[in-house]
Amino acid sequence: MELDLTPKPAFYLRVSTTEQAQDGFGLAAQRVKCNAMLTLKGWPAAVEYSDEGISGTKDESERPGLAALLAAINSGAVSVVIVAALDRIGRSTALVLRMVERLETGGADLVSCKESLDTSTASGRFVLRMFASLAELERDNIADRTTGGRNERGKIDGEKGGRVPYGYRRTLAGLVVEAQEAATVRDIFAQHKAGASLRTIAGSLNNAGITSARGAQWYASTVREVLGNEAQYRGGLRGESNQPWPAILEEPKE
């Protein structure tokens, strides 16, 4: 028995109410473009799936039409999807690529009228790989800019994000000492100086009803973590900056 390789086309149409009102790129206009491509390809009649009044930033969980299309692809009822433009699938390159991957996994190709993209052809697959590479490059550039900006700020005031040591709070005004936690820090260092073990210190804090930085019980490991921050508690410099940590512990007397 020979396999039926006849394309099983489907249209996917999407429009938000704003787009329909402003630029006339409504469902009817998209349908005309998709039908013209269908005729050009010489393919049989297509099944239509659509989402009206739904943003292209949402995935299939919030687009019933797209969800139904993906289900039809997975069942083998659709082997090629025609769209008027790639932004009908999604408003971001990342979302478009994710949806195209879903189509490929289900064994369906994608044809976009506006971009003249056809993933059933070698050139179409090449263009898609270019899109993917450009999207990855943009993600890397954003990450580099974010990291670079954070590092530059870190050189000025030591602020590079992340969790601060127990005893401090990050506020809009900057880093401040949390009074109750600071008192606990001083108690931990005093007990440690007196020779108490880490486990004994943890037990005393738990018995007093004092919680750790994560709102949980104290353990030897969390006590050790506090003791390991002595340089910060004594007003050491923050990272690569010239700004000191607000001191919680007094400098040891000579």
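Here, the structure is the one placed above.
Only a predicted model underlies this, so the values are computations on that prediction, with no experimental measurement involved.

Draft legend 1. Structural detail: the overall build of the chain. A tally of helices and strands in the chain yields 9 helices and 7 strands. Taken across its 254 residues, the chain has 35% of its residues classed as buried. In the chain, of all internal contacts separated by at least 6 residues, the share reaching a separation of at least 24 is 59%. For the chain, the exposed surface amounts to about 14,900 Å²; the carbon and sulfur share of it is 53%.

Draft legend 2. Representation of the pairing of strand β1 (residues 9-15) within the structure. Most of β1 sits inside the fold, with 7 of its 7 residues counted as buried. Neither face of β1 is exposed, since Pro9, Phe11, Leu13 and Val15 on one face and Ala10, Tyr12 and Arg14 on the opposite face are all buried. Inspection of the sheet shows β1 paired to strand β3 (residues 80-83) by 3 bridges, in the parallel sense. Note on β3: the bridge partner recorded for proline 9 is valine 80.

Draft legend 3. View of the nonpolar core. With 23 residues, the main nonpolar core has Leu69, Ile73, Val78, Val81 and Leu110 as its most contacted residues. When residues of this core are traced back to their parent elements, those giving at least two are β1, α3 (64-74), β3 and α4 (93-105). Among the elements that line this core, the one with the most residues is α4, at 6 residues. What leucine 69 contacts, discounting residues up to four positions off in sequence, is Ala10, Tyr12, Tyr49, Val78 and Val81. Counting residues in hydrophobic clusters, the runner-up holds 20 residues, among them Ala182, Val223, Val226 and Leu227.

Draft legend 4. Quick peek at the packing of aromatic side chains. Scanning the model with the defined rule gives 4 aromatic pairs in all. With 5.2 Å between their ring centres and 85° between their planes, tyrosine 166 and tryptophan 218 make a pair best called edge-to-face. Of the two residues, tyrosine 166 is situated in the loop between α5 (122-157) and β6 (168-171) and tryptophan 218 in the loop between α7 (198-207) and α8 (220-227); the sequence distance between them amounts to 52 residues. With respect to class, tyrosine 166 is no different from tryptophan 218; both count as buried. Aromatic side chains tyrosine 168 and tyrosine 233 sit 6.0 Å apart centroid to centroid with 20° between the ring planes, which places their arrangement in the stacked category. Of this pair, tyrosine 168 sits in strand β6 while tyrosine 233 sits in helix α9 (residues 230-233), placing them 65 residues apart in sequence. Residues tyrosine 168 and tyrosine 233 agree in their burial class; the two are buried. Counting every residue linked through ring pairs, the aromatic cluster contains Tyr168, Phe189, Tyr233 and Trp245. Arginine 238 extends its terminal NZ or CZ atom over the ring of tryptophan 245, reaching a point 4.7 Å from the ring centre.

Draft legend 5. Spatial organisation of the sheet that holds β3. The mixed open sheet is built from 5 strands, whose spatial order is β2-β1-β3-β4-β5. Each end of this open sheet is capped by a strand with a single partner; those strands are β2 (47-52) and β5 (117-118). Across the face of the sheet, α3 comes into contact with β1, β2 and β3 while running at roughly 150° to β2.

Draft legend 6. Summary view of empty space enclosed by the protein. Per the counting criterion, the structure on display carries 2 cavities of 30 Å³ or more. The calculated volume of the largest cavity comes to roughly 70 Å³. Class assignment for the residues of the lining of the largest cavity results in 4 nonpolar, 3 polar and 3 charged. Approximately 40 Å³ is the volume found for the second largest cavity. Leu66, Leu69, Val81, Ile89, Met99 and Leu103 are the residues that line the second largest cavity.

Draft legend 7. Region of the structure containing the environment of proline 44. Among the secondary structure elements, proline 44 is positioned in the loop between α2 (27-41) and β2. Overall, proline 44 belongs to the partly exposed group, its relative accessible area being 35%. Here the alpha-carbon distance between proline 44 and threonine 6, two residues 38 residues apart in the chain, equals 8.3 Å. Once you skip the residues sitting within four places of it in the chain, proline 44 turns out to touch Thr6, Pro7, Pro9 and Leu38.

Draft legend 8. Representation of the side chain of arginine 14 within the structure. Tracing the sequence through the fold places arginine 14 in strand β1. A distance of 2.9 Å separates a polar side-chain atom of arginine 14 from the backbone oxygen of isoleucine 54.

What counts and how
Residues numbered from 1 in each chain as written. Predicted model: local features only at pLDDT ≥ 70, side-chain atom pairs only at ≥ 80, totals over all residues. Heavy atoms only, no water. Helix = DSSP H or I, 4+ residues; strand = E, 2+ residues; numbered from the N terminus. Buried < 20%, exposed > 50% of the residue type's maximum accessible area, 1.4 Å probe, protein only. Contact = heavy atoms within 4.5 Å. Areas by Shrake-Rupley, 256 points an atom, 1.4 Å probe, with all protein chains shown as cover. Pairing = 2+ DSSP bridges. Core = buried A, V, L, I, M, F, W, Y, C linked by side-chain atoms within 4.5 Å. Phe/Tyr/Trp six-rings, centres within 6.5 Å; stacked < 30°, edge-to-face > 60°. Lys NZ or Arg CZ within 6 Å of the ring centre and 35° of its normal. Axes fitted to C-alpha atoms, helices over the stretch in contact; angles between N-to-C directions. 1 Å grid on protein atoms, 1.4 Å probe; cavity = no way out; pocket = protein on both sides within 12 Å on 5 of 7 lines; lining within 4 Å. Points joined across faces, edges and corners; volume = space filled by probe spheres on them. Nonpolar A, V, L, I, M, F, W, Y, C, P; charged D, E, K, R; others polar. Polar contact = N/O pair within 3.5 Å; in protein donor to acceptor, adjacent residues only side chain to side chain.

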